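# Analysis of the macromolecular model
The chain contents come next:
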Protein chains: 2
Amino acid sequence: MAQTDTVTRILDTAEVLFAERGFAETSLRTITSKARVNLAAVNYHFGSKKSLIQAVFSRYLDPFTERFHLALDELEARYAGEVIPLETLLETMARTVLEVPAERNSLKVFMKLLGLAYSQAQGHLRRYIQQEYGGVFTRFTELVRQATPQLPDAERFWRLHFVLGTVIFTLSGLDALRDIAEKDYQEHVTVRDLIRRLRPVVVAAMNAPLPPAPSVQAEAG
Amino acid sequence: MAQTDTVTRILDTAEVLFAERGFAETSLRTITSKARVNLAAVNYHFGSKKSLIQAVFSRYLDPFTERFHLALDELEARYAGEVIPLETLLETMARTVLEVPAERNSLKVFMKLLGLAYSQAQGHLRRYIQQEYGGVFTRFTELVRQATPQLPDAERFWRLHFVLGTVIFTLSGLDALRDIAEKDYQEHVTVRDLIRRLRPVVVAAMNAPLPPAPSVQAEAG
DNA sequence: CTACGTTTAAAACAGCTGTTTCCAGCGGAG
DNA sequence: CTCCGCTGGAAACAGCTGTTTTAAACGTAG
């Protein structure tokens, strides 16, 4: 099992370094030297740096997708055709997000990676994630649609992305924010604390009153 | 005024390229060739790439800070010691954010840059922004504190960052989201549309009920 | 034993990076 | 006029990048 050792050591080291510095700012030489493997090992096992990046994400997203589908299956069976409440859907997603990386105590890394996937250029990554994991997101949004029938489709689309932004932004920048919070409020903040704080905010955001109709007004592009 | 031409052309080109690709992925050669200036011009006028990045931000944040201070002055004068309502504070901030880059029709670029400032490594940038523009943010949060006396300090701190995440995440990733939204809902979405949609969501988020007290439970770090 | 996949070592590759330097013009200010 | 700041062109610098290649080991399965 020596090869698993090398592949795993590369992945473990790469995900931490990527989360700390970003993709472009992390060289293969930094990864391989810190992982104590040969420089050529990355290209040997993964083919390229791009594939390494995708492999780092797959190691999180594959188990997440599987568990989330199972959790939604259970939910649909339990509610048997009834509409699943929005809070239940959100809690299920939060629980799944918490469970998957908990196996390696790396929720923080996972969240930072998700934030990077959205913000860093890396067009290939966005395409890869969209293609490989778009399905489970589509299933989830359809359930959210049934849970929020009062929302116009476009409004629900935007609000889902609003709360997605809140969660990814907060959890991926957690370290810096935690430092400030601990200094100013003498609170030790865990990820679970944050999710506890996020829940009522997210629910209130999704259930906010509809905005006024757009005023007819010219706008410069 | 030939030197202003070169400096301005560098800044105009750099901010667009930075917003499109990020900082590390944008080389000085790409900037200078696209701006049709000499490669050495960047180091001549700005000293280094780091200083160029900071200059790009200053060109937005200096006018923003000045206008925002003025707007808060007016608000405090108008309310004369009375508490300024939360919605008024948020609207004032939104209006200022909209006004500043409107002079160059580059709100989208500005938002992308803000998103990058948070997500890309670039520790020097975060330190620079914090140091140069932390004051106006402190003033704003103090007014928000007076407008939301029902919130514990820590809770308000986190909620402000929640909504900050929503706004930056949404507006900085606007292009990709707009493509999806237009395809699925046949809507042409402008930044002003988004801010109209954001307002009730943000207000509801800030006024959400308090989370339940944390359950006493061990957590793995 | 042989063959194969894995791993290491070391070196080299071409390419791009930020930065510096030298030189030649240009235009306005003293 | 002379000087000085700005600009352009071109080249060079050392350093890092991802990737490839060659070599020699190692353990294991056929």
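Residues numbered from 1 in each chain as written. Chains lettered and ligands numbered in written order. Predicted model: local features only at pLDDT ≥ 70, side-chain atom pairs only at ≥ 80, totals over all residues. Heavy atoms only, no water.

Going by what an unreviewed UniProt entry lists, chain A is known as TetR/AcrR family transcriptional regulator and is assigned to Billgrantia campisalis.

Residue and element names in this part refer to chain B. Topologically, Thr-26 is positioned in the loop between helix 1 (2–21) and helix 2 (28–34). Using a relative accessible area of 0% as the deciding quantity, one classes Thr-26 as buried. If we skip the residues at most four places from it in the chain, Thr-26 touches Leu-17, Phe-18, Arg-21, Ile-31 and Lys-49. (Helix = DSSP H or I, 4+ residues; strand = E, 2+ residues; numbered from the N terminus. Buried < 20%, exposed > 50% of the residue type's maximum accessible area, 1.4 Å probe, protein only. Contact = heavy atoms within 4.5 Å.)

To continue, consider the relation of the copies chain A and chain B. Least-squares fitting of chain A to chain B yields an RMSD of 0.0 Å, with the superposition described by an axial translation of 0.0 Å and a rotation of 180°. Considering both components of the superposition, the chain copies are consistent with a two-fold axis. Residue by residue, 98% of the interface of chain A is reproduced at the interface of chain B, so both copies engage with the same surface. (Least-squares fit on C-alpha atoms with pLDDT ≥ 70 in both.)

Summed over the entire model, instances satisfying the criterion amount to 16 aromatic pairs over all chains. Between the aromatic rings of Phe23(A) and Phe57(A), the centroid separation amounts to 6.2 Å while the plane-to-plane angle is 50°, which identifies the pairing as tilted. Remark: Phe57(A) occurs in helix 4 (residues 49–79) and Phe23(A) occurs in the loop between helix 1 (2–21) and helix 2 (28–34); sequence separation between them is 34 residues. The same class applies to Phe23(A) and to Phe57(A), which are both buried. Aromatic pair Phe18(B) and Phe23(B): ring centres 5.1 Å apart, planes at 65°, arrangement edge-to-face. The exposure class of Phe18(B) is buried, given its relative accessible area of 0%. According to the relative accessible area criterion, Phe23(B) is buried, its value standing at 1%. Counting every residue linked through ring pairs, the aromatic cluster contains Phe18(A), Phe23(A) and Phe57(A). (Phe/Tyr/Trp six-rings, centres within 6.5 Å; stacked < 30°, edge-to-face > 60°.)

Quick look at helix 9 (residues 174–185) of chain A now. Over its 12 residues, helix 9 of chain A runs 15 Å from end to end, which matches the ideal 16 Å to within 8%, given 1.5 Å per residue. Those residues of helix 9 of chain A that are buried are in contact with helix 6 (107–119), helix 8 (153–172) and helix 10 (191–206) of chain A together with helix 8 (153–172) of chain B. Following helix 9 of chain A by one or two positions, Gln186(A) adopts a phi angle in the positive range, close to 50°. (Expected span 1.5 Å × (residues − 1).)

With 52 residues of chain A at the contact, the number on the chain B side is 51 residues. Taken together, the two surfaces of chain A and chain B that pack against each other cover about 4500 Å², and 71% of this comes from carbon and sulfur. When the buried surface of chain A facing chain B is broken down by residue, Trp158(A), Phe162(A) and Phe169(A) rank first, second and third, together holding 17% of it. Summed over the shared surface of chain A and chain B, the result is 2 salt bridges. Salt-bridge contacts for Glu155(B) lead to Arg197(A); the nearest nitrogen and oxygen are separated by 2.4 Å. At the surface where chain A touches chain B, the tally comes to 7 residue pairs in polar contact (both at pLDDT 80 or more). Listed by contribution, the elements that provide at least two residues to the side of chain A that touches chain B are helix 6, helix 8, helix 9 and helix 10 of chain A. (Buried area = accessible area lost by both parts, 1.4 Å probe. Salt bridge = Lys/Arg side-chain N within 4 Å of Asp/Glu carboxyl O. Polar contact = N/O pair within 3.5 Å; in protein donor to acceptor, adjacent residues only side chain to side chain.)

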